[in-house]
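Commentary on secondary and tertiary structure
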Amino acid sequence: MKVEIDLTKTQINKLRRLIGLQTQTKPEVVLKSFIKMVVNDPDQIEIIQYEQRN
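Each chain has its residues counted from 1, following the order in which its sequence is written. At least 70 in pLDDT is required for a residue's local features to be given in this predicted model, at least 80 for side-chain atom pairs to be given and counted, and no such filter applies to totals for whole chains, interfaces and linings, which use all residues. Where side-chain values are given, they derive from all heavy atoms of the structure, hydrogens and water being excluded.

1. Details of the side chain of T25
As a reminder, the rule being used: Helix and strand labels come from DSSP, where a helix needs a run of H or I of at least four residues and a strand needs a run of E of at least two; each type is numbered from the N terminus. Working definition: with a 1.4 Å probe on protein chains only, accessible area under 20% of the residue-type maximum means buried, over 50% means exposed, and in between means partly exposed. Contacts: residue pairs with any heavy atoms within 4.5 Å of one another.
Position of T25 relative to the elements: it lies in the loop between α1 (9–19) and α2 (27–40). Residue classification places T25 among the buried positions, given a relative accessible area of 17%. Not counting residues within four places of it along the chain, the set of residues in contact with T25 comprises R16 and V30.

So this is what it looks like as structure tokens:
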């Protein structure tokens, strides 16, 4: 199965900051890392958002 996702550069940069990756990381890697994180531990998103607020 093939899924295509269109994200802007701004959206990818925001996702990089959210999951703590360096800015030189390729967009494909960023998205794959985020998807793996969500699949493995869905609560991780809430934890990251909480940590960023404080």
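Let's pick the thread back up.
2. Some remarks on a nonpolar patch on the surface
We apply this condition: Like charges within 9 Å and nonpolar side chains (Val, Leu, Ile, Met, Phe, Trp, Tyr) within 5 Å are joined into patches, using only residues over 30% in relative accessible area that form no salt bridge. Residue burial considers only the protein chains on display, and all accessible areas are found by Shrake-Rupley using a 1.4 Å probe. Salt bridge criterion: a side-chain nitrogen from Lys or Arg within 4 Å of a carboxyl oxygen from Asp or Glu.
Taken together, the side chains of M1, V3, I5, L7, I35 and V39 make up a nonpolar region of the molecular surface, amounting to roughly 680 Å² of accessible area. Mapped onto the elements of the fold, V3 is located in the segment before α1. With a relative accessible area of 61%, V3 lands in the exposed category.

3. With respect to the packing of α1 against α2
Under the convention used in this document: Note on geometry: axes are lines fitted to C-alpha atoms, helical ones only across the stretch in contact, with angles between N-to-C directions running from 0 to 180 degrees. Each angle receives one of four descriptions, namely roughly parallel if under 35 degrees, roughly antiparallel if over 145, roughly perpendicular if within 65 to 115, and oblique otherwise. The handedness criterion is simple: a crossing whose near helix is rotated anticlockwise from the far helix by less than a right angle is left-handed, and one whose near helix is rotated clockwise is right-handed. Classification convention: Asp, Glu, Lys, Arg as charged; Ala, Val, Leu, Ile, Met, Phe, Trp, Tyr, Cys, Pro as nonpolar; all other residues, Gly among them, as polar.
At their nearest, the axes of α1 and α2 sit 10 Å apart, and the two run at 50° to each other. For the element pair α1 / α2, the angle class is oblique. Crossing handedness for the pair α1 and α2: left-handed. Facing α1, whose interface residues are I12, L15, R16, L18 and I19, α2 presents P27, V30, L31, S33, F34 and M37. Within the contact of α1 with α2, the residues separate by chemical class into nine nonpolar, one polar and one charged.

4. Observations regarding the packing of α2 against helix α3 (residues 44–53)
Where α2 meets α3, the closest approach of the two axes is 8 Å, and the angle between their N-to-C directions is 110°. Put simply, α2 runs roughly perpendicular to α3. Here F34, M37 and V38 of α2 lie close against α3, whose contacting residues are Q44, I45 and I48. Of the residues assigned to the contact of α2 with α3, the class counts are five nonpolar, one polar and no charged.

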